[in-house]
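# What the coordinates show
One letter stands for each residue in the lines below.
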Amino acid sequence: MQMTLAEALIATLKAHGVKFLFGVPGGGSSLDLIAAADKAGMAFILCRGETSAALAASVVGELTGTPGVALTAIGPGAASAVNGVAYAHLERAPLILICDAPALGGDIPPHQVFDLKALFQPIAKACHRMAPETGVAPFDDLVALVLRKPYGPALVELSASDAALPVDVSLPVITTEAVTSTASVATHEHGIKKPSGDLNKACALLGQSRRPVLLAGLQTCSPGVGAALRQFAERLGCPILTSYKAKGVIADDHPQMIGHFTGAAGEAEAIRRADLIIWAGVDPVELIAVPWRHKAPLLALVEGPGLEYPAPPETELFGFLPQEMVSLAAASAPSAWEDGEISALRDALVQRLSLPARSESGQTGLGRTRSGGTEHTAESVIEAVIASCDDETSFTIDAGAHMISAMARIQVREARQVLKSTGLSTMGFALPAAIAASLVAPQRRVIAFTGDGGLMMCLAELSTAARLGCRLTVVVLNDAALSLIDIKQQRRQLQPIGVRYPAIDFAAAAVGMGCGAWKVGRDQPLGPAIDAALAHEGAGLIDVTVDPAGYGEQLAAMRG
Ligand SMILES: Cc1ncc(C[n+]2csc(CCOP(=O)(O)OP(=O)(O)O)c2C)c(N)n1
Ligand SMILES: [Mg+2]
């Protein structure tokens, strides 16, 4: 069969179940790809910036297990996507970034041209310039590469002249169902193979343990893992902590759930009391950058070798995580943990992560506090919003001080029902991620909790959300400051320079971009705005002025 190279790439993506291409087009091959996608019934989602496009595409990849795809122009378009590609790299998301490429040869000046491969090499699994002579086969290989665990991004360069040339194609024998169905993922990838590694040693470790603790990381979000993980945990009767990325893989209200595992001091007490740490699919990139503080041996159950553990594991099993857990089940017996002890640990962690109560004067710990009174806080706003949401609601969370309350307070029952950047911890994530989540599951409402600083980095995507009619509500915890950095500056007793700015009127900006918007000042009631925003069918935004005064103490309690 004959197709143009652009059509052949689109056909390959379609065969893999790709439904959306995100991006900002240039005048080169992106136009050929958009035209081919349109013919193939695939939607091009025009974004306002390439970073947001690559972030949204990565999140689609995380949510669906199919590759996320973003298109950019030459030079500046590609360079502008770097942070989204860094996200896919450090959060293990399957992403293909297709950039316009300059025509080769001739006397063409190098306008907008620089070495993209060198730019992306440290964060991409592969960088490849497509050529009609080699047909679509190298692209098939790239798709397979980004879908190999751990997932990650690849860069593809394609010139307009090459995109339009005919190629011979024989499409890969792969169907959407084969790629996306849970059962087939399990059998295709892993068959009924025994895990590799020293199973006897792993069984012996588990058999000797009286007080194991289970840490579940991002690999447990893979299809088919959650149920096996829960059965394994329930058989052990031990405390469970999930990483931020794995939030929901075991329901937050499960009686054995203690909270989140980040590597910080906050959760250390629960782990300190354990005699064995079961490291279930945690990717070390999920931990904050502090020295490992635990002495108990590590039993690692992971998808594959090569992880840079913070401490050498006593033993590792590699393969399909449920299979590893089934293989260990024979050696596992109910642990010596008591229910009351587990719930006390959970209560202590919840308490520790709460914003400190305000004193009469409005002072809460570290200096530079604002006035007291009836101000909203990140915690009070998040609690009020989630109290009005149904169980189906998805959440996205940006980076910043507000994130701690959001992750501690939101309770979900599904993996990836809360989306957050952890390995990269980038700002400007919550809104593009919410757009992606809304496109993947249009019937579910998405709430994006963000700081004012993070929203300013992707504000223009409000117009994308409005144009697409996404059922999403952005909640801006507006403190007119980069509070997380403000706190760190205060702790180092430095002058307050470069972390504060005049408050932005986000509601006015949102209205200007076609969103419904509600503004809640410091002494104004929040309830009516929440009711109106959640009743609004399209994209909306609540801009709430919050008091950041308690963040310093909260962060100190969490990170020590
Ligand atoms: C793209 C990016 N730039 C800078 C940082 C460093 N950083 C982390 S949190 C933060 C401040 C966030 O401010 P805001 O969004 O207002 O949230 P707040 O801390 O005030 O709740 C900064 C600058 C980052 N994580 N990502
Ligand atoms: Mg802020």
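What counts as what
Residues numbered from 1 in each chain as written. Chains lettered and ligands numbered in written order. Predicted model: local features only at pLDDT ≥ 70, side-chain atom pairs only at ≥ 80, totals over all residues. Heavy atoms only, no water. Helix = DSSP H or I, 4+ residues; strand = E, 2+ residues; numbered from the N terminus. Rg over C-alpha atoms; globule rule 2.2 N^0.38 Å. Buried < 20%, exposed > 50% of the residue type's maximum accessible area, 1.4 Å probe, protein only. Contact = heavy atoms within 4.5 Å. Areas by Shrake-Rupley, 256 points an atom, 1.4 Å probe, with all protein chains shown as cover. Lys, Arg positive; Asp, Glu negative; His and termini not counted. Charge placed at Lys NZ, Arg CZ, Asp CG, Glu CD. Core = buried A, V, L, I, M, F, W, Y, C linked by side-chain atoms within 4.5 Å. Donors = N, O, S within 2.8 Å, 3.2 Å for Na, K, Ca; no water. Pairing = 2+ DSSP bridges. Axes fitted to C-alpha atoms, helices over the stretch in contact; angles between N-to-C directions. Near = heavy atom within 4 Å. Polar contact = N/O pair within 3.5 Å; in protein donor to acceptor, adjacent residues only side chain to side chain. 1 Å grid on protein atoms, 1.4 Å probe; cavity = no way out; pocket = protein on both sides within 12 Å on 5 of 7 lines; lining within 4 Å. Sits in = over half its atoms within 2 Å of the grid points. Disulfide = S-S within 2.5 Å. Right-handed = clockwise from strand over helix to strand, strands pointing away. Salt bridge = Lys/Arg side-chain N within 4 Å of Asp/Glu carboxyl O. pLDDT = per-residue confidence, 0-100. Points joined across faces, edges and corners; volume = space filled by probe spheres on them. Nonpolar A, V, L, I, M, F, W, Y, C, P; charged D, E, K, R; others polar.

### Let's talk about the overall build of the chain
Helix and strand content of the chain: 24 helices and 21 strands. In terms of overall size, the chain behaves like a compact globule, its C-alpha atoms giving a radius of gyration of 24 Å where 560 residues would be expected to give roughly 24 Å. The principal-axis extents of the C-alpha atoms in the chain amount to approximately 70 × 60 × 45 Å. Expressed as a percentage of its 560 residues, the buried residues of the chain come to 59%. Across the chain, the fraction of contacts at a sequence separation of at least 24, relative to all contacts at a separation of at least 6, is 76%. Surface summary for the chain: the accessible area is close to 21,800 Å², and the carbon and sulfur share equals 56%. For the chain, the distance from the average site of its 43 positive side-chain charges to the average site of its 55 negative ones is 5 Å.

### Here's the deal with the nonpolar core
Residues Leu328, Phe395, Ile410 and Phe449 are the most contacted members of the largest nonpolar core, which totals 91 residues. Apart from the residues lying within four places of it in its own chain, the contact partners of Phe395 are Ile386, Cys389, Ile410, Val412, Gln417, Val418, Leu419, Ile447 and Phe449. Listed in part, the 53 residues of the second largest apolar core include Tyr87, Phe120, Val446 and Ala448.

### Details of the coordination of the magnesium ion (ligand 2)
Those donors, Asp452 (OD), Asp479 (OD) and Ala481 (O), are the protein atoms that reach the magnesium ion (ligand 2), and they lie 2.1 Å from it. Site description for the magnesium ion (ligand 2): donor spacing in sequence, D-x26-D-x1-A. In this structure, Asp479 and Ala481 share a single accessibility class: buried.

### Digging into the sheet that holds strand β4 (residues 68–72)
Backbone-to-backbone hydrogen bonds pair the strands of a sheet. The strands run either parallel or antiparallel. The six strands are arranged β3-β2-β4-β5-β7-β6 in an open sheet whose pairing can be described as parallel. One side of each edge strand has no neighbouring strand; the edge strands of this open sheet are β3 (43–46) and β6 (126–129). The sheet shows a mean angle of 25° between the axes of neighbouring strands, taken without regard to direction. As judged from the four bridges shared by β6 and strand β7 (residues 153–159), these two strands associate in the parallel manner. Across the sheet, the residue bridging to Cys127 is Leu155, located in β7. Packing against the sheet, helix α5 (residues 82–91) makes contact with β5 (95–101) and β7, and its axis sits at approximately 150° to β5.

### Re the site of ligand 1
Not every one of the 19 residues close to ligand 1 is listed here, only the nearest: Ala401, His402, Asp452, Gly453 and Gly454. At 2.9 Å from a nitrogen atom of ligand 1 is found a main-chain nitrogen or oxygen belonging to Ser425. Computed on the free molecule, ligand 1 has an accessible area of 590 Å², of which 79% lies beneath the protein chains in the complex. Using a 2 Å cut-off from the grid points, one finds that ligand 1 occupies the second largest pocket. Elements represented by at least two residues in the shell around ligand 1 include exactly α19 (452–456) and α21 (483–491).

### Observations concerning the state of the cysteines
One pass over the structure, following the stated rule, counts zero disulfides. Looking at Cys47, it has no disulfide partner, and the nearest cysteine sulfur is the one in Cys470, 10 Å off. Since its relative accessible area comes to 5%, Cys47 is described here as buried. Here Cys389 stays free of any disulfide, with the sulfur of Cys470 as its closest cysteine sulfur at 16 Å. With relative accessibility at 16%, the residue Cys389 sits in the buried group.

### Some remarks on the pairing of β3
Two elements, strand β2 (residues 20–24) and β3, share four bridges in a ladder whose sense is parallel. Each residue of the ladder has a partner; that of Gly23, found in β3, is Leu46. Regarding the hand of the β-α-β motif, the stretch spanning β2, helix α2 (residues 29–39) and β3 is right-handed.

### Regarding the sheet that holds strand β12 (residues 257–260)
Across the sheet, which stays open at both edges, the seven strands sit in the order β9-β15-β14-β13-β10-β11-β12 with mixed pairing between neighbours. The sheet terminates laterally at β9 (196–197) and β12, the two strands that pair on one side only. Taken together, the four bridges between strand β14 (residues 298–302) and strand β15 (residues 315–318) define a ladder with parallel strand orientation. Residue Val302 lies in a different strand from β15, and its bridge partner there is Phe318. Running at roughly 165° to strand β10 (residues 212–216), helix α12 (residues 226–236) makes contact with β10, β11 (240–242), β13 (276–280) and β14 of the sheet.

### Side note on the pattern of salt bridges
A side chain of one charge can pair with a side chain of the opposite charge when the charged atoms of the two come close. Scanning the model with the defined rule gives 23 salt bridges in all. Taking the shortest distance from any N to any O, the salt bridge between Lys245 and Glu91 comes out at 3.0 Å. Taken as a pair, Lys245 in the loop between β11 and β12 and Glu91 in helix α5 lie far apart in primary sequence, 154 residues in all. Using a relative accessible area of 5% as the deciding quantity, one classes Lys245 as buried. Overall, the relative accessible area of 2% leaves Glu91 in the buried class. When the shortest N-O distance is used, the salt bridge between Glu375 and Arg522 registers 3.2 Å.

### A short note on the environment of Asp141
Mapped onto the elements, Asp141 comes out in helix α7 (residues 137–146). In this structure the C-alpha to C-alpha distance between Asp141 and Leu229, which are 88 residues apart in sequence, comes to 32 Å.

### Regarding helix α17 (residues 402–409)
Extensive coverage of α17 is indicated by the burial of seven of its eight residues. Those residues of α17 that fall on the buried side of the exposure criterion are His402, Met403, Ile404, Ser405, Ala406, Met407 and Arg409.

### Overview of the confidence of the model for the chain
Scored by pLDDT, the chain comes out at a mean of 92, with 93% of its residues at no less than 70. Long-range and interchain partners of residues 173–192, a stretch whose pLDDT sits below 50, account for 25 contacts in this model, where long-range means more than four residues apart. Here residues 359–372 is a poorly scored stretch, pLDDT under 50, and it has 35 contacts once near neighbours within four places are set aside; other chains count.

### Points about the layout of surface pockets
Once rolled over the atoms, a probe with the size of a water molecule shows which space is left empty. Volume-wise, the second largest pocket comes out at about 570 Å³. In this structure, the second largest pocket is lined by 35 residues; those nearest its centre are Ala399, Gly400, Met403, Ser425 and Leu484. Secondary-structure elements contributing two or more residues to the lining of the second largest pocket are α17, α19, α21 and α24 (551–559). Per-element accounting of the lining of the second largest pocket gives the leading share, four residues, to α24. Its residues assigned to classes, the lining of the second largest pocket shows 19 nonpolar, 11 polar and five charged.

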